[in-house]
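Spelled out, the chains give:
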Amino acid sequence: MNTVTVTLVQQDGVEVTIPNAPTGASLMEVAKANAVEGILGECGGACACATCHVYVDPQWQEAVGPPDVLEEMTLDGVSHILRDNSRLGCQILLREELDGLRVAVAPPQ
Ligand code: FES
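Just so it is clear, the model here is predicted, and its values are computed rather than measured. (Residues numbered from 1 in each chain as written. Predicted model: local features only at pLDDT ≥ 70, side-chain atom pairs only at ≥ 80, totals over all residues. Heavy atoms only, no water.)

Draft legend 1. Looking closely at the overall build of the protein chain. The secondary structure content of the protein chain amounts to three helices and five strands. Beginning at the N terminus, the succession of helices and strands in the protein chain can be written as β-β-α-β-α-α-β-β. The C-alpha atoms of the protein chain give a radius of gyration of 12 Å, which matches the 13 Å a tight globule of 109 residues would have. Based on the C-alpha atoms only, the size of the protein chain along its principal axes is roughly 35 × 30 × 25 Å. The buried share among the 109 residues of the protein chain stands at 43%. Long-range contacts, defined here as pairs at least 24 residues apart, represent 62% of the contacts in the protein chain between residues at least 6 apart. Accessible area for the protein chain stands at about 5,700 Å²; split by element, carbon and sulfur atoms hold 49% of it. Treating the 5 positive side-chain charges of the protein chain as one cloud and the 15 negative ones as another, the clouds have centres 2 Å apart. (Helix = DSSP H or I, 4+ residues; strand = E, 2+ residues; numbered from the N terminus. Rg over C-alpha atoms; globule rule 2.2 N^0.38 Å. Buried < 20%, exposed > 50% of the residue type's maximum accessible area, 1.4 Å probe, protein only. Contact = heavy atoms within 4.5 Å. Areas by Shrake-Rupley, 256 points an atom, 1.4 Å probe, with all protein chains shown as cover. Lys, Arg positive; Asp, Glu negative; His and termini not counted. Charge placed at Lys NZ, Arg CZ, Asp CG, Glu CD.)

Dropping the structure here:
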C-alpha cells in the first residue's frame, strides 16, 4: 500500500499533517483516524451529512477535481458556508497525485 502526506488546517488554526495516509482511503477516514478537529463523518462516508466539509487549497483544486451531482446536493445543505473550493472529505479518495494535499476544515454547520 502506498501512502501520501496530507495537511488539514483546523478551525483553530492548528495544522495537522498526516505523513502516512494510505492511498485508497478517503480524506475523511484519514482525518478521523488522526483526530482532526471538526471532521465528524457522521454518515460514515455515505455523502449524506456534510460533517466532513473541507475547503480545498486553491493550488490543489484542479488535482482534486469538482464534486459530482450527489455531492453537490449534499453540499447544498450547507450553502451558508459553501465556497467555490468546498468538497466533502469522504468523497476525496487519496491517490498518489494528491501527495501534499492541503485543505482547511470548514466551520460547523
Ligand atoms: S461523512 Fe457524511 S458526507 Fe462525508
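Having seen the structure, we can now continue with the description.
Draft legend 2. Examining a nonpolar patch on the surface more closely. Together, Val69, Leu70 and Met73 line one region of the surface with nonpolar side chains, adding up to about 330 Å² of accessible area. Relative to the helices and strands, leucine 70 resides in helix 3 (residues 69–76). (Patch = residues over 30% accessible without salt bridge, like charges linked within 9 Å, V, L, I, M, F, W, Y side chains within 5 Å. Salt bridge = Lys/Arg side-chain N within 4 Å of Asp/Glu carboxyl O.)

Draft legend 3. Quick peek at the sheet that holds strand 4 (residues 86–88). Taken in spatial order, the five strands make up an open sheet running 2-1-5-3-4, and their pairing is mixed. Every interior strand has two partners, whereas the edge strands, strand 2 (15–22) and strand 4, have only one. Ignoring strand direction, the axes of neighbouring strands in this sheet form an average angle of 35°. Sheet topology places strand 3 (residues 53–56) next to strand 5 (residues 102–105); three bridges connect them, and they run antiparallel. Residue valine 56 lies in a different strand from strand 5, and its bridge partner there is valine 103. (Pairing = 2+ DSSP bridges. Axes fitted to C-alpha atoms, helices over the stretch in contact; angles between N-to-C directions.)

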